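The chain contents come next:
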Amino acid sequence: DTGVSQNPRHKITKRGQNVTFRCDPISEHNRLYWYRQTLGQGPEFLTYFQNEAQLEKSRLLSDRFSAERPKGSFSTLEIQRTEQGDSAMYLCASSLLRSEETQYFGPGTRLLVL
Amino acid sequence: DAKTTQPNSMESNEEEPVHLPCNHSTISGTDYIHWYRQLPSQGPEYVIHGLTSNVNNRMASLAIAEDRKSSTLILHRATLRDAAVYYCILRDGGTASKLTFGTGTRLQVTL
């Protein structure tokens, strides 16, 4: 399978704990995006990388959230001191840089904070 | 990104055509019209996109109004596997980056 992969697929944690999610994009894609989706809503943009550079961050990305893409390949999204409001599906997408770029999404990581 | 308006839900019978409308009256000249869909428990999936002319691919057709203020995604023969939430999204071709999703149209397909 050469699509976008995300791990873990599901995560249950207690409030106050830290969690880290991983995204492996399609190998030749230089852009990588993180989105968050809550029940009944469309995905909301969090941040994106072009190669290893983080080019844009949403105001949704509080200081408890940090994302990295070392070496421009896989990316990690860490949430520190989780809160119940962080419960959501976290989606990763990748694309090639061009004006009409299509984004390819992974299956997501579903986070439940108890 | 400019805003789009879609019906919350639509129903279709299997093997019949489905026309999913989208209004985008504030579209700018450089905005591309993209459609993605999200099947249950999956990430969104690209369907089709266009700028001015109608577009066809193996999944669907996109009909764009002459004034570009509306568009219609056409599924020629709906199947049960087409049941999903369909999102109409405008993206600036000059500064394309993030996708701004609305709440989309939930398509229900029945036998």
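Residues numbered from 1 in each chain as written. Chains lettered and ligands numbered in written order. Predicted model: local features only at pLDDT ≥ 70, side-chain atom pairs only at ≥ 80, totals over all residues. Heavy atoms only, no water.

Draft legend 1. Examining the pattern of salt bridges more closely. Residue and element names in this part refer to chain A. Evaluated as defined, the whole model comprises eight salt bridges over all chains. In this structure, Asp 24 and Arg 22 form a salt bridge, with 2.8 Å as the shortest nitrogen-oxygen distance. Taking relative accessible area as the criterion, Arg 22 reaches 34% and is therefore assigned partly exposed. Arg 64 serves as the salt-bridge partner of Glu 83, at 3.4 Å between the closest nitrogen and oxygen. Within this pair, whereas Glu 83 is found in the loop between strand E8 (75-79) and strand E9 (88-95), its partner Arg 64 is found in the loop between strand E6 (53-57) and strand E7 (65-68), the two being separated by 19 residues in sequence. If you follow the salt bridges from partner to partner, you end up with Arg 64, Glu 83 and Asp 86 in one network. (Salt bridge = Lys/Arg side-chain N within 4 Å of Asp/Glu carboxyl O. Buried < 20%, exposed > 50% of the residue type's maximum accessible area, 1.4 Å probe, protein only. Helix = DSSP H or I, 4+ residues; strand = E, 2+ residues; numbered from the N terminus.)

Draft legend 2. Up close: the pairing of strand E9 (residues 105-110) of chain B. Residues and elements named next belong to chain B. Burial along E9 is one-sided: Thr 105, Leu 107 and Val 109 are buried, and none of Arg 106, Gln 108 and Thr 110, which face the opposite way, are. With three bridges connecting them, strand E8 (residues 84-92) and E9 associate as antiparallel partners. Among the inter-strand pairings, Ala 84 is bridged to a residue of E9, identified as Leu 107. (Pairing = 2+ DSSP bridges.)

Draft legend 3. Layout of the state of the cysteines. Residues and elements named next belong to chain A. Under the defined criterion, the tally for this structure stands at two disulfides over all chains. Across a sulfur-sulfur distance of 1.8 Å, Cys 23 and Cys 92 are joined as a disulfide pair. Judged by the sign of its S-S torsion, about -65 degrees, the bond between Cys 23 and Cys 92 is left-handed. Here Cys 23 is found in strand E3 (residues 19-24), whereas its partner Cys 92 is found in strand E9, with 69 residues between them in sequence. Accessibility expressed as a relative area gives 0% for Cys 23, which makes it buried. (Disulfide = S-S within 2.5 Å.)

Draft legend 4. Structural context of the interface of chain B and chain A. Of the residues lining the interface, 19 residues belong to chain B; the matching set on chain A comes to 21 residues. Contact between chain B and chain A buries roughly 1600 Å² in total, counting both sides, with carbon and sulfur atoms accounting for 50%. Counting the surface chain B buries against chain A, the share from its top three residues, Pro44(B), Ser97(B) and Lys98(B), is 26%. Across the chain B-chain A interface, the total number found is one salt bridge. Between Lys98(B) and Glu56(A) there is a salt bridge; the shortest N-O distance is 2.8 Å. Mapped by element, the contributors of at least two residues to the side of chain B that touches chain A are strand E3 (31-38), strand E4 (45-50) and E8 of chain B. When residues in the side of chain B that touches chain A are grouped by element, the largest group, four residues, is from E3(B). Looking at the side of chain B that touches chain A residue by residue, the classes come out as eight nonpolar, nine polar and two charged. (Contact = heavy atoms within 4.5 Å. Buried area = accessible area lost by both parts, 1.4 Å probe. Nonpolar A, V, L, I, M, F, W, Y, C, P; charged D, E, K, R; others polar.)

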